[in-house]
Number of protein chains: 2
Amino acid sequence: MTTDHLPETSAVAAHRGRPRDANRDRALMDATLTELQLHGYSGLTTAAVARRAGVSTATLYRRWRSKEDLVVGAARAWAENLGPDHDNGDLGSDLGALLRDKATALEGPSGRLLRAVLGEAAHNRALADVLFGAFVIPLQERVFALLERAVERGEIPPVADPLVVAEMVIGPMVSHTFLVPPQEGDAGTTPGTDIAERLLPYLLRALGSREL
Amino acid sequence: MTTDHLPETSAVAAHRGRPRDANRDRALMDATLTELQLHGYSGLTTAAVARRAGVSTATLYRRWRSKEDLVVGAARAWAENLGPDHDNGDLGSDLGALLRDKATALEGPSGRLLRAVLGEAAHNRALADVLFGAFVIPLQERVFALLERAVERGEIPPVADPLVVAEMVIGPMVSHTFLVPPQEGDAGTTPGTDIAERLLPYLLRALGSREL
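Remember, it's a predicted structure, so these values are computed and weren't measured experimentally. (Residues numbered from 1 in each chain as written. Chains lettered and ligands numbered in written order. Predicted model: local features only at pLDDT ≥ 70, side-chain atom pairs only at ≥ 80, totals over all residues. Heavy atoms only, no water.)

Peer 1: Help me get a handle on the overall build of chain A, residues and values and all.
Peer 2: Helix and strand content of chain A: ten helices and zero strands. Starting at the N terminus, the α and β elements of chain A follow one another as α-α-α-α-α-α-α-α-α-α. Within chain A, buried positions represent 51% of all 212 residues. For chain A, contacts bridging at least 24 residues in sequence account for 69% of all contacts bridging at least 6. Of the roughly 9500 Å² of accessible surface on chain A, a fraction of 53% belongs to carbon and sulfur atoms. (Helix = DSSP H or I, 4+ residues; strand = E, 2+ residues; numbered from the N terminus. Buried < 20%, exposed > 50% of the residue type's maximum accessible area, 1.4 Å probe, protein only. Contact = heavy atoms within 4.5 Å. Areas by Shrake-Rupley, 256 points an atom, 1.4 Å probe, with all protein chains shown as cover.)

Peer 1: For the packing of helix α7 (residues 109-121) of chain B against helix α8 (residues 125-152) of chain B, give the residues involved together with the corresponding values.
Peer 2: Residue and element names in this part refer to chain B. Following both chains from N to C, one finds α7 and α8 inclined at 150 degrees, their axes separated by 10 Å at the closest point. Taken together, α7 and α8 sit at an angle that is classed as roughly antiparallel. For the pair α7 and α8, the sense of crossing is left-handed. Within the contact between the two elements, α7 uses Ser-110, Leu-113, Leu-114, Val-117, Leu-118, Glu-120 and Ala-121 and α8 uses Leu-127, Ala-128, Leu-131 and Phe-135. Counted by class, the contact of α7 with α8 contains nine nonpolar, one polar and one charged residues. (Axes fitted to C-alpha atoms, helices over the stretch in contact; angles between N-to-C directions. Parallel < 35°, antiparallel > 145°, perpendicular 65-115°, else oblique. Left-handed = near helix turned anticlockwise from the far one by under 90°. Nonpolar A, V, L, I, M, F, W, Y, C, P; charged D, E, K, R; others polar.)

Peer 1: Tell me about helix α10 (residues 191-206) of chain A, and name the residues and values.
Peer 2: For α10 of chain A, built from 16 residues, the straight-helix expectation of 22 Å at 1.5 Å per residue is met to within 8% by its first-to-last C-alpha distance of 22 Å. The largest bend along α10 of chain A measures about 35 degrees and falls at Leu-199 of chain A, with the proline Pro-201 of chain A one to four residues further on. Taken as a whole, α10 of chain A has its buried residues at Gly-192, Ile-195, Ala-196, Leu-199, Leu-200, Tyr-202, Leu-203, Leu-204 and Ala-206 of chain A. In this structure, the buried side of α10 of chain A is in contact with α6 (91-107) and α9 (162-179) of chain A together with α9 (162-179) and α10 (191-206) of chain B. (Expected span 1.5 Å × (residues − 1). Bend = angle between axes of the 7 residues up to and from the residue.)

Peer 1: How would you sum up the nonpolar core? Please name residues and give values.
Peer 2: Formed by 136 residues in total, the largest nonpolar core has its most connected members in Leu-95, Leu-113, Leu-131 and Met-168 of chain A together with Leu-95, Leu-113 and Met-168 of chain B. Dropping the residues within four chain positions of it, Leu-131 of chain A is found in contact with Ala-75, Leu-113, Leu-114, Val-117, Leu-118, Ala-121 and Val-136 of chain A. (Core = buried A, V, L, I, M, F, W, Y, C linked by side-chain atoms within 4.5 Å.)

Peer 1: So what's going on with helix α3 (residues 46-53) of chain A? Which residues, and what values?
Peer 2: Listing the buried residues of α3 of chain A in full gives Thr-46, Ala-48, Val-49, Ala-50 and Ala-53 of chain A. Downstream of α3 of chain A by one or two residues, Gly-54 of chain A has phi in the positive range, about 70 degrees.

Peer 1: Any details on the interface of chain A and chain B? Residues and values, ideally.
Peer 2: On the side of chain B, 44 residues touch chain A, which itself brings 44 residues to the contact. Here chain A and chain B share an interface that buries about 3600 Å² over both sides, 65% of which is from carbon and sulfur atoms. At the boundary of chain A and chain B, one finds two salt bridges. One salt bridge in this structure joins Arg-198 of chain A and Asp-161 of chain B, with 2.8 Å as the shortest N-O distance. One can count 16 residue pairs in polar contact (both at pLDDT 80 or more) joining chain A with chain B. Contributing elements (two or more residues each) for the side of chain A that touches chain B: α2 (19-43), α7 (109-121), α8 (125-152), α9 and α10 of chain A. Looking at the side of chain A that touches chain B residue by residue, the classes come out as 27 nonpolar, ten polar and seven charged. (Buried area = accessible area lost by both parts, 1.4 Å probe. Salt bridge = Lys/Arg side-chain N within 4 Å of Asp/Glu carboxyl O. Polar contact = N/O pair within 3.5 Å; in protein donor to acceptor, adjacent residues only side chain to side chain.)

Peer 1: Please set out the environment of Leu-36 of chain A residue by residue, giving values where relevant.
Peer 2: Residue position: Leu-36 of chain A is located in helix α2. Ignoring any residue separated from it by four or fewer positions in sequence, one finds Leu-36 of chain A in contact with Tyr-41, Leu-44, Val-71, Leu-113, Ala-116 and Val-117 of chain A.

Peer 1: I'd like a description of the relation of the copies chain A and chain B, backed by residues and values.
Peer 2: If you rotate chain A by 180 degrees and push it 0.0 Å along the axis, it lands on chain B with an RMSD of 0.0 Å. Accordingly, the operation relating the two chain copies is best matched by a two-fold axis. Interface overlap between copies is the fraction of interface residues in one copy that are interface residues in the other; for chain A against chain B it reaches 100%, indicating a shared surface. (Least-squares fit on C-alpha atoms with pLDDT ≥ 70 in both.)

Peer 1: Lay out the UniProt feature "DNA-binding region" (unreviewed entry) in chain A with the relevant residues and their values.
Peer 2: Within the UniProt annotation, "DNA-binding region" (unreviewed entry) is assigned to residues 45-64 of chain A. End C-alpha atoms of residues 45-64 of chain A are separated by 13 Å, and the span's content is 75% helix alongside 0% strand. (UniProt positions renumbered as here; feature names shortened; annotations may be inferred.)

In structure tokens form, the structure reads like this:
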């Protein structure tokens with residue numbers, strides 16, 4: 001589990017000339033994710049995170065003043081990285097790429113973090129707001145951009161409610177990844193990438209695409 | 001929170017002539033939901049559940065032999081009750097009713113339970129299977145039934161992948177209820193019922209409905 005790598009942020013921090021702090025931060029974020037998966041928000045203790053990261057609790061508290069602060073920081077650090085928004089030339093390719101990126105993200109560390117803290121976010125507004133910013137907004141922005149390109153290309157009529165379209169992209173991917181237990185013989189394609197392919201024609205039709 | 005009522009099961013048990021046991025069971029299921037919301041799966045203890053329900057831990061263990069057994073039992077007891085599947089005469093009304101039922105369920109005790117244990121289900125197969133049976137299967141069955149009626153009425157062409165349609169009903173409702181923090185001025189309509197209305201025309205179009 002600790003073999004997952006945090007993207008960019010740590011590397012950027014390292015370039016600023018504080019590699020030791022950056023490594024320590026990365027170890028703390030790694031450890032926070034692992035502890036959240038094992039024990040949930042309620043069961044997580046800053047002592048266990050510090051122990052797993054190989055730092056003292058004093059060091060942890062210099063950077064994060066509370067458990068909530070630490071978990072909110074981890075949610076920010078593990079924000080979903082959906083990859084760049086390429087123009088693939090047509091709506092089907094753009095939407096297909098986004099669905100596959102979303103499947104990959106949900107099955108990776110960011111998805112595991114989201115799943116581990118979703119319950120806590122029900123009564124923790126700071127955490128709920130960070131999750132919204134880290135997991136919903138970036139996807140909405142990619143949906144809005146690809147819809148705009150498709151309208152410009154004349155592939156679909158203007159979209160009356162792009163927010164709902166974003167929910168139709170996020171939602172089935174989340175419910176499928178989080179609620180459908182893996183089946184025997186799922187090897188090869190993951191449930192997420194499988195549902196991404198199957199969802200695509202329905203989404204294109206919902207958008208009134210002329211491709212179909 | 002303890003004003004929520006468990007449906008059927010307890011009443012049925014009461015009819016079998018053991019009202020005291022039924023009341024105790026209901027109190028235990030109520031208490032389990034509350035403790036799960038407050039402390040998550042990891043933070044829940046059978047002692048705290050027994051205390052909140054006003055029974056001894058010995059009594060709790062006579063009925064549920066472990067914490068896992070208790071939580072799995074609660075997930076079963078709080079299984080989503082989507083209400084009956086009426087034939088409303090046309091696809092738009094059938095689908096609209098289902099979306100509203102789903103919104104109501106997600107905002108009620110069954111939705112709160114689901115949210116509280118989703119993280120634990122990532123590494124607890126018994127719980128994952130119960131959630132699938134209690135929250136996914138009943139909705140899939142209602143989707144399949146309403147699609148069949150719509151095809152019979154000649155409203156839509158045969159549906160190639162009804163499972164994906166079910167994900168398009170569950171998914172956006174789950175992601176919207178669990179991931180979008182409530183906004184100021186949301187009074188009146190809840191976020192769930194709002195998204196249900198907005199989703200409907202896109203779903204009808206995805207299904208190739210002639211209504212539109």
